[in-house]
Amino acid sequence: RLFMPKTPPVKDGDEGLDRTELESIKRVFERLDRKNDGKIDRDEIAQQLDLLGYKPKRHTDYGTSEVEDMIWEVDEDCDGKIDWDNFVQLYIRCRRDKTGCEPKRLFNLIEFMINDKDGGGTINEDEMMEVLYHRYGKDAMQRITDELFHQKGDRDVEKDLGFIDFLSIVNAGINKQVTDQDRAKEKK
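Quick caveat: nothing in here was measured; it's all calculated off a predicted structure.

What follows is about the overall build of the chain. If you tally the helices and strands in the chain, you get eight helices and four strands. Along the chain direction, N to C, the helices and strands of the chain fall in the order α-β-α-α-β-α-α-β-α-α-β-α. Residue pairs in contact within the chain that sit at least 24 positions apart in sequence constitute 60% of those at least 6 positions apart. For the chain, the accessible area works out to roughly 11,100 Å², and carbon and sulfur atoms hold 48% of it.

Put into structure tokens, the structure is as follows:
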């Protein structure tokens, strides 16, 4: 008998997210929850990262693995697993974060998987631009995409981006956002 994940039915307006967003994060939660126990553990995250070609650090500055750190950042009940409520709250906090202070490592995986709808391990430039737009706004998205995608003059060639490419781009966006905020403070 197959155990079904404990994700609640999706309703419009839940947690301030629209139905499409909730369905997307539910799909990602269910893909990550390989054991179908309603919780995501370190092995399930590590397996997904491995499938995407990402090798997490075995030891961080905190004496734990990078995957354990990712879970710790959002695990409200400290059971070493991420349940549906933790998952949704992480997504909402990171989506609304304009300060850059929310931990984004697991959010990066979620957002990549949302856009990698077929599970093939890649997203296209348009999907990447949508991520950048939601995170940094139109102007920053344009600057980042101009720098990253148009450098080589091969605009007519659509590029597929893997998870490591995705991380490089969103991290470049974070660095650019911090630099822009610092410049704005200096002008005051």
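This part is about the nonpolar core. Ranked by internal contacts, the top residues of the largest apolar core, which has 44 residues, are Ile25, Ile45 and Phe87. For this core, the secondary-structure elements that each account for two or more residues are helix 1 (19–32), helix 2 (42–51), helix 3 (66–72), helix 4 (84–96), helix 5 (105–115), helix 6 (125–136), helix 7 (138–149) and helix 8 (163–187). When neighbours within four sequence positions are excluded, Ile25 is seen to be in contact with Leu17, Trp84, Phe87, Val88, Tyr91, Ile110 and Ile114.

The tally for this structure, following the rule as stated, stands at eight aromatic pairs. Seen in terms of ring centroids, Tyr54 and Phe163 are 5.8 Å apart; in terms of plane orientation they differ by 85 degrees. Their pairing is edge-to-face. With Tyr54 in the loop between helix 2 and helix 3 and Phe163 in helix 8, the pair connects residues that are 109 residues apart, well separated along the chain. Phe163 shares its class with Tyr54; the two are buried. Their ring planes at 15 degrees and their centres at 6.2 Å tell us that Phe163 and Phe166 sit as a pair that is stacked.

All chains considered together, the criterion is met by nine salt bridges. Where Glu111 meets Arg95, a salt bridge forms, and the shortest distance between an N and an O atom there is 3.2 Å. Here Glu111 is found in helix 5, whereas its partner Arg95 is found in helix 4, with 16 residues between them in sequence. Judged by relative accessible area, which is 19%, Arg95 ranks as buried. Put simply, Asp97 and Lys104 hold a salt bridge, and the shortest N to O gap is 2.9 Å. For the pair shown, Asp97 and Lys104 are each scored as buried.

Packing of helix 1 against helix 5 leaves a shortest axis separation of 9 Å and a crossing angle of 105 degrees. With respect to each other, helix 1 and helix 5 are oriented roughly perpendicular. Counted together, Ser24, Ile25, Arg27, Val28, Arg31 and Leu32 of helix 1 and Leu109, Ile110, Met113 and Ile114 of helix 5 form the full contact between these two elements. Within the contact of helix 1 with helix 5, the residues separate by chemical class into seven nonpolar, one polar and two charged.

All right, on to helix 6 then. In a regular helix each residue adds 1.5 Å, so twelve residues correspond to 16 Å; helix 6 covers 16 Å between its end C-alpha atoms and thus fits that length. Regarding helix 6, the residues found buried are Glu125, Glu127, Met128, Val131, Leu132, Arg135 and Tyr136. Looking straight down helix 6, one finds its buried side chains confined to an arc of 160 degrees; they lie on one side.

Moving on to unusual backbone geometry. Non-glycine residue Asn36 carries a positive phi angle of around 55 degrees. If you trace the backbone, Asn36 turns up in the loop between helix 1 and strand 1 (39–40). The phi torsion at Cys78 lies on the positive side, around 55 degrees, for a residue other than glycine. Relative to the elements of secondary structure, Cys78 occurs in the loop between helix 3 and strand 2 (82–83).

The rules we used
- Residues numbered from 1 in each chain as written.
- Predicted model: local features only at pLDDT ≥ 70, side-chain atom pairs only at ≥ 80, totals over all residues.
- Heavy atoms only, no water.
- Helix = DSSP H or I, 4+ residues; strand = E, 2+ residues; numbered from the N terminus.
- Contact = heavy atoms within 4.5 Å.
- Areas by Shrake-Rupley, 256 points an atom, 1.4 Å probe, with all protein chains shown as cover.
- Core = buried A, V, L, I, M, F, W, Y, C linked by side-chain atoms within 4.5 Å.
- Buried < 20%, exposed > 50% of the residue type's maximum accessible area, 1.4 Å probe, protein only.
- Phe/Tyr/Trp six-rings, centres within 6.5 Å; stacked < 30°, edge-to-face > 60°.
- Salt bridge = Lys/Arg side-chain N within 4 Å of Asp/Glu carboxyl O.
- Axes fitted to C-alpha atoms, helices over the stretch in contact; angles between N-to-C directions.
- Parallel < 35°, antiparallel > 145°, perpendicular 65-115°, else oblique.
- Nonpolar A, V, L, I, M, F, W, Y, C, P; charged D, E, K, R; others polar.
- Expected span 1.5 Å × (residues − 1).
- Arc of directions from axis to C-beta.

Everything listed here is a matter of coordinates, which is why it stays silent on function.
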